[in-house]
Amino acid sequence: MLERRRPLAASLAPYGDVLARWAEAADSLAERRWSAAECAASWRRGAPLTDAFPPPLDAADVEDALGAAMEQLARLDAARAPALQRLADAWDAGAVDAAALLPRAAVIGAPATDASGLAPEVVSWLACTTLRPYLDAWLTGARAHLEAQEWTRGVCPFCGAPPGFIDVIEGGHRRLACHFCGGAWTFARLRCPLCDAEGTGPLYRLKAEGADEGYVVSGCRSCRGYLKELDRRERWNGGPPLLEDWATPHLDVVARREGYRKPVSALLDLLAF
Ligand SMILES: [Zn+2]
Ligand SMILES: [Zn+2]
């Protein structure tokens, strides 16, 4: 990705630290054997799998991962240090725990937001970067069961997080990607995954041109949310959706300028606020 995005390489460098932390965590993660029947039962109820079966989270391990993510953010943006300190204090006092960071509620990590005064976007980044390896390992065994299932919600069927990126695949179908767990699911072409608004009326589409052909800012006039989208038929050599999202911060700048917000912020989005 850095080869393809050479002019951005310096800006994208902090993500290398994130990926290194995830790789380190990968040794000691719990996995789970999921049966097709229990997945189907959960999805029929409209419930993501982690609602009934959240991953076991070792408080000390999560604390290390969260601490590293907070330190990185404080280094990049010193103005957030006091709020991050309040979050650390709330963690030590037991007011915020690992389970509070799971993407279950509409506002991810609400106790952390309340205790620290950090913006929800910041807390959702911290939650995502802390929990991704845990959720990914825990849910890997369930991925194959989704194919035959009907899941029409705009949240991840595996972990319940809002979508992070859109891939357009064969036949023009849309596949939403989850940054929290690495899951993906197909979604209606003409419905907003963030507010369920239907039809072409609310659609706001801004197509990138030139070197970024194939990338689109896909927004919704009803909820003012957006996701970036990549047409994989035009970009067969694109990277994983998470990296494609991270590596296109210039498109986020345009979307923000137009008054749109995305549901799961990346690190560079936070520094631009
Ligand atoms: Zn997920
Ligand atoms: Zn919407």
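The residue numbering used here restarts from 1 in each chain and proceeds along that chain's sequence as written. The lettering of chains begins at A and the numbering of ligands begins at 1, in the order of writing. Whole-chain, interface and lining totals are the exception, using all residues; otherwise, since this is a predicted model, local features are given only for residues with pLDDT of at least 70 and side-chain atom pairs are given and counted only at 80 or more.

A few words on the sheet that holds strand S3 (residues 184-187). With mixed pairing, 6 strands are arranged side by side in an open sheet as S3-S2-S1-S6-S5-S4. Each edge of the open sheet is held by one strand with a lone partner, namely S3 and strand S4 (203-207). Direction aside, neighbouring strands of the sheet carry axes that sit 30° apart on average. Strand pairing is defined by DSSP finding a minimum of two bridges between the two strands. The numbering of helices and of strands both runs from the N terminus, where a helix is a DSSP run of H or I of at least 4 residues and a strand a run of E of at least 2. The pairing of strand S1 (residues 165-168) with strand S2 (residues 174-177) spans 4 bridges and is classified as antiparallel. Pairing of Val168 across the sheet is with Arg174, part of S2. The contact criterion used here is simple: two residues whose C-beta atoms, placed from the backbone, lie within 7 Å are in contact. Axis definition: a line fitted to C-alpha atoms, over the contacting stretch in the case of helices. Angles run 0 to 180 degrees between N-to-C directions. Against the sheet, helix H9 (residues 249-257) engages S4, strand S5 (215-220) and strand S6 (226-231), with an angle of about 30° to S5.

A few words now on the nonpolar core. Each nonpolar core consists of buried Ala, Val, Leu, Ile, Met, Phe, Trp, Tyr and Cys residues. Their C-beta atoms, within 7 Å, join them into a set. Around each residue's C-beta, the other C-beta atoms within 10 Å are counted; 20 or more make the residue buried, 12 or fewer make it exposed, and counts in between make it partly exposed. All C-beta atoms are placed from the backbone. Grouped together as the largest cluster of nonpolar side chains are 67 residues, with contacts concentrated most on Leu87, Cys159, Cys178, Phe180 and Cys181. Segment limits for the domains were obtained from an automatic or database-derived domain assignment. Counting contributing residues per domain, this core is built from domain 1 (6-141) and domain 2 (151-264), each supplying no fewer than three. Contacts of Leu87, omitting those with residues within four sequence positions, involve Met70, Val96, Ala112, Ala115, Ser116 and Leu118.

Next up on the list: the packing of helix H4 (residues 59-76) against helix H5 (residues 81-92). In contact at an axis separation of 10 Å, H4 and H5 are set at 165° when each is read in the N-to-C sense. Considered as vectors, H4 and H5 are oriented roughly antiparallel to each other. Between H4 and H5 lies a crossing of left-handed hand. Within the contact between the two elements, H4 uses Glu63, Met70, Leu73 and Ala74 and H5 uses Ala81, Leu84, Leu87, Ala88 and Trp91. Charged means Asp, Glu, Lys or Arg here, nonpolar means Ala, Val, Leu, Ile, Met, Phe, Trp, Tyr, Cys or Pro, and polar covers whatever is left, Gly included. Across the contact of H4 with H5, the residue classes break down as 8 nonpolar, no polar and 1 charged. Reported orientations rely on four angle classes, namely roughly parallel under 35 degrees, roughly antiparallel over 145, roughly perpendicular from 65 to 115, and oblique for the rest. Put simply, a crossing is left-handed when the front helix is turned counterclockwise from the back one by less than a right angle, and right-handed when it is turned clockwise.

Here the domain parsing of the chain yields domain 1 (6-141) and domain 2 (151-264). On a C-alpha basis, the centres of domain 1 and domain 2 stand 21 Å from each other. Contacts between the two partners involve 19 residues from domain 1 and, on the opposite side, 18 residues from domain 2. For the side of domain 1 that touches domain 2, the secondary structure elements donating two or more residues are helix H1 (9-25), helix H3 (49-52) and helix H7 (120-139). The biggest single contributor to the side of domain 1 that touches domain 2 is H7, with 7 residues.

Remember that side chains alternate between the two faces of the sheet whenever the strand is regular. Bridge count for S2 against S3 is 4 bridges, and the pairing is antiparallel. The residue of S3 that forms the bridge with Arg175 is Thr186. Turn length for the S2-S3 hairpin, with the two strands adjacent in sequence and antiparallel, is 6 residues, and the turn residue Gly182 shows positive phi of about 85°.

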